[in-house]
Amino acid sequence: MKKYMLLTALSGAMVLSACGSSEEEASSNGSGSSEEKPMLTMGTSADYRPFEYVDTAQGDEIIGYDIDLANMIADELGFEFEIIDMEFSGLVTALTNDQVDFVMAAMTPTAERKENVDFTDVYYVAQDMIISMDGSGLATPEDLDGKTVGVQLGSIQQEYVDGLAEEMDITVETRNRIPELMQDVINGRFDAIIVENTVAQGYLDSNEELVGETIEVDEQEAGSAVALQKGSEWTEKFNEVLAELEESGELDKLAEKWFDGAAAE
């Protein structure tokens, strides 16, 4: 059963609207709850399989690890939520402008982002990978000297490659969506791209021409957390639920569901 309604950033149209009519029926039948659940708005960027994406073969619903986790948190805390899908680079701004109440988009809690929004504890940790065409020989950050490297706009990977570009001759190119990055490296517009290993794996499994090498960088900030508005009353509550889900093993089960064998289109 769907627990959220999907909005699009472009149209602002509500796709799932059955909730209202069902509530009216419940009220008219005298079976409605005396207290309405709070309605929160969640921002995401649904191009990041398996965290959040649309499986077009199955429909237009956003699914993924973060969506399931958001539903778990909502169940525990007793709220409902609607989703706005937008470019990743605009998510923090959407929080600060009160467009959304929280963001779940595999977002890393960097020091720069923490200046503008609050974060929960990290709920998942991954590593970055260098993705290139088979035979490129690009296996380490040092190999990227003199190359054109693609990253997602506003991502932790962009910060990382921008840092490399200060020390080496690297041309940094950005795209809004992960599929655009993958297509551009396949088409030869980029020598390599850098994305999170969990996201990269599906593309590697379905594209024999692509190869990936994990980047070992101890000092790089890592991990995904929920972003909320500064001073949000929900931050502590989210943390309590995340701690319970980790202790109970539910986070491990969720990771098993979405990260073991999940393949990109």
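What comes next is a walk through the structure. (Residues numbered from 1 in each chain as written. Predicted model: local features only at pLDDT ≥ 70, side-chain atom pairs only at ≥ 80, totals over all residues. Heavy atoms only, no water.)

### With respect to the sheet that holds strand E4 (residues 52–54)
Filter applied, for reference: Should DSSP find at least two bridges between two strands, the strands are taken to pair. Put simply, DSSP H or I for four residues or longer makes a helix, DSSP E for two residues or longer makes a strand, and each gets a number counted from the N terminus.
Spatially, three strands are ordered E3-E4-E5 in an open sheet, and the strand pairing comes out antiparallel. The open sheet terminates on both sides in strands that have one partner only, identified here as strand E3 (47–48) and strand E5 (62–63).

### Digging into the packing of helix H2 (residues 65–77) against helix H9 (residues 250–259)
Condition: Here the axes come from fitting lines to C-alpha atoms, over the contacting stretch only for helices, and the angles between their N-to-C directions go from 0 to 180 degrees. Roughly parallel means an angle under 35 degrees; roughly antiparallel means over 145; roughly perpendicular covers 65 to 115; every other angle is labelled oblique. In this scheme, a crossing is called left-handed if the near helix is turned counterclockwise away from the far one by less than a right angle; it is called right-handed if the turn is clockwise. In what follows, residue pairs with any heavy atoms lying within 4.5 Å of each other are defined as contacts.
Where H2 meets H9, the closest approach of the two axes is 10 Å, and the angle between their N-to-C directions is 150 degrees. When the axis of H2 is compared with that of H9, the two are roughly antiparallel. Two packed elements cross with a definite hand, and for H2 against H9 that hand is right-handed. Of the residues in H9, those in contact with Tyr65, Asp68, Leu69 and Met72 of H2 are Glu250, Leu251, Leu254, Ala255, Lys257, Trp258 and Phe259.

### Focus: empty space enclosed by the protein
Worth spelling out the cut-off: Grid points spaced at 1 Å over the protein atoms alone were grouped into cavities, where a 1.4 Å probe fits but cannot get out, and pockets, open sets with protein on both sides within 12 Å along at least five of seven lines, with lining residues defined by an atom within 4 Å of a point. Grid points are joined across faces, edges and corners, and a volume is the space filled by probe spheres set on the points. Any residue that is not Ala, Val, Leu, Ile, Met, Phe, Trp, Tyr, Cys, Pro, Asp, Glu, Lys or Arg is counted as polar, Gly included; the first ten are nonpolar and the last four charged.
Applying the stated criterion across every chain, the model contains one cavity of 30 Å³ or more. Taken together, Tyr48, Phe88, Ala105, Ala106, Met107, Thr108, Arg113, Gln152, Ser155, Ile156, Gln157 and Glu196 make up the full set of residues lining the largest cavity. Of all the secondary-structure elements, those providing two or more residues to the lining of the largest cavity are strand E7 (102–107) and helix H5 (156–165). Here the lining of the largest cavity takes three residues from E7, the largest share from any one element. Classifying every residue of the lining of the largest cavity gives six nonpolar, four polar and two charged.

### A closer look at the environment of Met39
As for its placement among the helices and strands, Met39 is situated in strand E2 (residues 39–44). A sequence separation of 62 residues divides Met39 from Asp101, and the C-alpha atoms of the two residues are 9.6 Å apart.

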